[in-house]
Amino acid sequence: MTFDLRFYMAMLFRRLPYILAILILTTIAGVYLAFSIPETYRAEARLLYENGQIPDELAASTVRSTADEALLSVQQRLLTRANLLELASKFKVFDDVPNITEDMIVEQMILRISIYMPPLMGNTGVVTVSFDAGDPVLSADVTNALVDQILQQSVELRTAASGSTLDFFQQEVKRLTDELAVQNSKILEFEEANRDALPESLAYRRGRQEAQQERLTLVERELAGLRDRRQSLVDLYDRTGRLAASVGVLTPEQTQLETLRQELASAVVVLSPENPRVKALQLQVDALEEAVKEQLGVAGEGAMTSYDLQMADIDGQIKFLVEQKQEIETELESLRASIEKTPSNSIMLGELQGAYQNTQVQYDQAVASLAEARMGDRIEVTSRGQRITVIELAVPPTIRAEPNRKLISAAGFGAGMLLSLGLVMLLELLNRTVRRPAEMVKSLGITPFGTIPYMATADELRQRRAARRNLIAAVALFVPVALYLLHVTVMPLDTLASAIAEAVGLGPEVSVATPEISG
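A brief look at the structure comes next. (Residues numbered from 1 in each chain as written. Predicted model: local features only at pLDDT ≥ 70, side-chain atom pairs only at ≥ 80, totals over all residues. Heavy atoms only, no water.)

### Quick notes on the overall build of the protein chain
Threshold: Helix and strand assignments come from DSSP, with helices taken as H or I runs of at least 4 residues and strands as E runs of at least 2, each series counted from the N terminus. Each residue gets one of three labels from its accessible area relative to the maximum for its type: buried under 20%, exposed over 50%, partly exposed in between, using a 1.4 Å probe on protein chains only. For this analysis, residues touch if any pair of their heavy atoms sits within 4.5 Å. Values of accessible area rely on a 1.4 Å probe in the Shrake-Rupley scheme; residue burial ignores everything except the protein chains shown.
Summing up its helical and strand segments, the protein chain has 14 helices and four strands in all. In the protein chain, buried positions account for 30% of the 519 residues. Here the analysis covers contacts within the protein chain between residues at least 6 apart in sequence; of these, 80% occur between residues at least 24 apart. Just so you have it, the protein chain exposes about 32900 Å², and 59% of that area is on carbon and sulfur atoms.

Structure below.
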């Protein structure tokens, strides 16, 4: 089936009244909407987010936030409910709007505020701040108020961050100082409680132990010699009644006893013990020994003999050596116990000293960080770090930003074109009348030899023209009447136009631009 241009042109001409009616209606509505939307003025201010003035190699700020992060933090504080309500109340933004709620005020303020920063060049960028309002002066005033708040919030955020960092390290240094004092006190208490078993004196105690062990050996040797000497003296005295080493004048009995002993010793060498002579000499020696003992006992009454003096001296030496031995053994036992205890004390002392050294390292790091924090806080207090400065304040604009009346009017005309074309297509789809030979072939399945077009009479032509004129007149009359009735009974047309504009995105809706956070 070929494309029949004449048929479609005729069909379009027949539907032309409907198309014109729709075009006229939508175009009028678009023009009315364009001129009924309140004018919106947008005053803009430009801010510069710049890097710090002092190189980081010389002194670095403790605030490490990027421009995106800092701007986002400031923006979120600006868009709080309390701040938006305060701005709206201060500048009387919605005083001409009756019965507006706080929620609506907050919503409208968010829609009207724009804070935008394009992609950064390094860590520097230009921030654009604007506010939409029907009054250009109001737009500039609110924009400049937002700029002041941005500058104030930026300074407060950075100084608060540097101040909190400084406070943290000050508290950390104080805490570590107290902890060092406590650990040092523990070490001193432990060393005082175990001063005899500390690792540093282990070599001395081992040397002392060896020396005392040698001394104990000598004392025991001397003590054994004295005890042997004493026993020998006792045995000698028991046998002879005198000391071999004694000197002085002998009694006749003692002289005779000595002579008999010598004779007995000589006889024992030659004769057997059973010899009568040996026995007789032994009896004489025993008798004289008893006599000498009696003489010595009588002579010694009231005075000490040489034997007694020597025994007393030996006993005194033995007693002294025994005391020395006990002292040495006691000291050796103490040294042994302290040496055995030293390894565990060494481990415990090492743990205490290790904890102290670790805390000392943390303290040194905290002191260094505290110095950096003080420098960083000083940088922020004097505004030498990253900061936001004003490039250009907002001034009342002379040209409106919204609405774009040409665009809205063209949109109304375009909507009419789409609606009219849609209506024509819908009517053609619903019309099942056979109007062309091709449709006859398709519907009846027969091929005609020829076709004769319908010949309208003059009356029919006049009726068609009259119907078209009536339709155009009805549309021209109906549109103003309908708009008037809608304005009076349902909603004012300006309010309706604003609602429609906002719904289709043509009104003064301004979103708050959030900068993209890099990384």
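Having put the structure on the table, let's press on.
### Brief notes about the sheet that holds strand β4 (residues 387–392)
Put simply, the test is: At least two DSSP bridges between two strands are needed for those strands to be called paired. Fitted lines through C-alpha atoms give the axes, limited to the stretch in contact for helices. The angle between two N-to-C directions lies from 0 to 180 degrees.
Pairing is antiparallel in the open sheet, where four strands are placed in the order β2-β3-β1-β4. Single-partner strands in this sheet number two, and they are β2 (113–116) and β4. On average, adjacent strands in this sheet sit at an angle of 25° to one another, irrespective of strand direction. The sheet contact formed by strand β1 (residues 41–50) and strand β3 (residues 125–133) spans nine bridges and is antiparallel. Counterpart to Ala 45 in the pairing with β3 is Val 129.

### Some details on the packing of aromatic side chains
In plain terms, the rule: Note on aromatic contacts: the rings of Phe and Tyr and the six-membered ring of Trp form a pair at centre separations within 6.5 Å, being stacked when their planes are under 30 degrees apart, edge-to-face when over 60 apart, and tilted otherwise.
Scanning the model with the defined rule gives one aromatic pair in all. Taken together, a centroid distance of 5.2 Å and an interplanar angle of 75° make the contact between Phe 168 and Phe 169 edge-to-face.

### Section: the nonpolar core
For clarity, the threshold we go by: The nonpolar core is taken to be a set of buried Ala, Val, Leu, Ile, Met, Phe, Trp, Tyr and Cys residues, with the residues joined through side-chain atoms within 4.5 Å.
The biggest cluster of nonpolar side chains holds 34 residues, and the ones touching the most others in it are Val 93, Met 109, Ile 113, Ile 115, Val 129 and Ile 150. Mapped by element, the contributors of at least two residues to this core are β1, α3 (67–78), α4 (81–90), α5 (102–112), β2, β3 and α6 (136–193). Of the residues forming this core, the biggest block, seven residues, is contributed by α6. Excluding its chain neighbours within four sequence positions, the residues that come into contact with Val 129 are Ala 43, Glu 44, Ala 45, Leu 47, Ser 114, Ile 115, Thr 143, Leu 146, Val 147 and Ile 150. Counting residues in hydrophobic clusters, the runner-up holds twelve residues, among them Leu 226, Met 311, Ile 318 and Ile 328.

### Looking at the pairing of β3
Of all nine residues that make up β3, eight are buried, and the element is covered over most of its length. Sheet topology note: the β2/β3 ladder contains four bridges and is antiparallel. Residue pairing for β3: Tyr 116 is matched across the bridge by Thr 128.

### Some remarks on the pairing of β1
Two strands pair when backbone bridges link them, and β1 and β4 are joined in this way by five bridges, in the antiparallel orientation. Paired with Tyr 49 across the strands is Ile 388, a residue of β4.

### Brief notes about a nonpolar patch on the surface
The following threshold applies: Surface patches are drawn from residues lacking salt bridges whose relative accessible area is over 30%; two like charges belong together within 9 Å, two nonpolar side chains (Val, Leu, Ile, Met, Phe, Trp, Tyr) within 5 Å. By definition, a salt bridge exists where a carboxyl oxygen of Asp or Glu is found within 4 Å of a side-chain nitrogen of Lys or Arg.
Taken together, Phe 13, Leu 16, Leu 20, Ile 24 and Ile 28 make up a surface patch of nonpolar side chains, about 430 Å² in accessible area. In terms of residue count, helix α2 (residues 16–36) provides more of the nonpolar patch than any other element does, four residues in total. Checked against the element boundaries, Leu 16 lands in helix α2. What makes Leu 16 partly exposed here is its relative accessible area of 32%.

### Concerning the environment of Pro 118
Relative to the helices and strands, Pro 118 resides in the loop between β2 and β3. Relative accessible area serves as the criterion here: at 33%, Pro 118 is assigned to the partly exposed category. For the pair formed by Pro 118 and Thr 128, sequence separation is ten residues and the distance between their alpha carbons is 8.8 Å.

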